[in-house]
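# Structural characterization, general
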Amino acid sequence: MYQRDHSETMERCYKKICELEELFKSDLQNIDELKIKQRMYRYLGGNTIIFEMLKKGIFIFDSYIDVFRNQDVSELNIKYRVDIADKIVALFRKFHSVLGLFCHQNPRYQQYLFENFMNLLMLVNKLDLGQVELISEIVKDNLELATLVSETHLKYFCNLIVHFGQREVFLKFFDTLINKPSQETLEIQKKILLVLLDEQFINHINVNQIYFFS
């Protein structure tokens, strides 16, 4: 009974967050209308609710996976755990997608997420919960924030490349930082190269094979 109620609650939550995502997406081509929705969402505290859910959920999910991997359980329980894990991952991806839409082409909210959320995003480095695409969205077309990207941020992506390969979603972050030529962009390029050439990455990342997307 508890398992069914738990699953149904998650399904209702997933449905609501999907509706919110579609509400934002419906105005992607109308930036003025999108900004009105972004502002309303901020004033209603929607972003704060997602922050709190992600803060709690990240650690809960990590613990849940450890239990799932190490504990002997019945076949029925295994199926239940896999189903719930899949739903949690799907829900978290929607959370990150909504936050990306919340700051899309909005420098004010990009800065807000950068200042208040980046450290939390970088706690997740073993699972694809949509955090990588959100980080790219936060700095996209925002040269001011791109110049604030630190060595720690860059090393986060280097570690992802080391462990999971040169996937486009990882490399796209570097391209996002340097896609608008300027004096600042040259400084960012230098910062990126210094990290890529660091001894902890140089033996794992073939710099000659890193292609920035144009």
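Before reading further, recall that the structure is shown in the block above.
Here's a quick rundown of the structure. (Residues numbered from 1 in each chain as written. Predicted model: local features only at pLDDT ≥ 70, side-chain atom pairs only at ≥ 80, totals over all residues. Heavy atoms only, no water.)

Turning our attention to the nonpolar core. Core analysis: the biggest nonpolar cluster contains 57 residues, and L113, F117, I138, F157 and L177 have the highest contact counts within it. It is helix α4 (residues 75-103) that contributes the most residues to this core, 11 residues altogether. (Core = buried A, V, L, I, M, F, W, Y, C linked by side-chain atoms within 4.5 Å. Buried < 20%, exposed > 50% of the residue type's maximum accessible area, 1.4 Å probe, protein only. Helix = DSSP H or I, 4+ residues; strand = E, 2+ residues; numbered from the N terminus.)

Time to look at helix α6 (residues 131-139). α6 sits mainly inside the fold: 8 of its 9 residues count as buried. Taken together, the buried positions of α6 are Q131, V132, L134, I135, S136, E137, I138 and V139. D141 occupies a position one or two residues after α6 and carries a positive phi of about 55°.

Attention now goes to the packing of aromatic side chains. Applying the stated criterion to the full structure yields 10 aromatic pairs. Considering the side-chain rings of F51 and F117, the 4.6 Å spacing of their centres and the 20° angle between planes classify their relative orientation as stacked. Remark: F117 occurs in helix α5 (residues 107-121) and F51 occurs in helix α3 (residues 46-70); sequence separation between them is 66 residues. As far as burial versus exposure is concerned, F51 and F117 are alike and both buried. Each member of the aromatic cluster is reached from another via a ring pair, and the members are F24, Y41, F102 and Y109. A cation over an aromatic ring shows up here: R42 above the ring of Y112, its NZ or CZ 4.0 Å from the ring centre. (Phe/Tyr/Trp six-rings, centres within 6.5 Å; stacked < 30°, edge-to-face > 60°. Lys NZ or Arg CZ within 6 Å of the ring centre and 35° of its normal.)

Next up on the list: the side chain of N106. With respect to the element layout, N106 can be found in the loop between α4 and α5. Taking relative accessible area as the criterion, N106 reaches 8% and is therefore assigned buried. Not counting chain neighbours up to four residues away, the residues in contact with N106 comprise K35 and Q38. (Contact = heavy atoms within 4.5 Å.)

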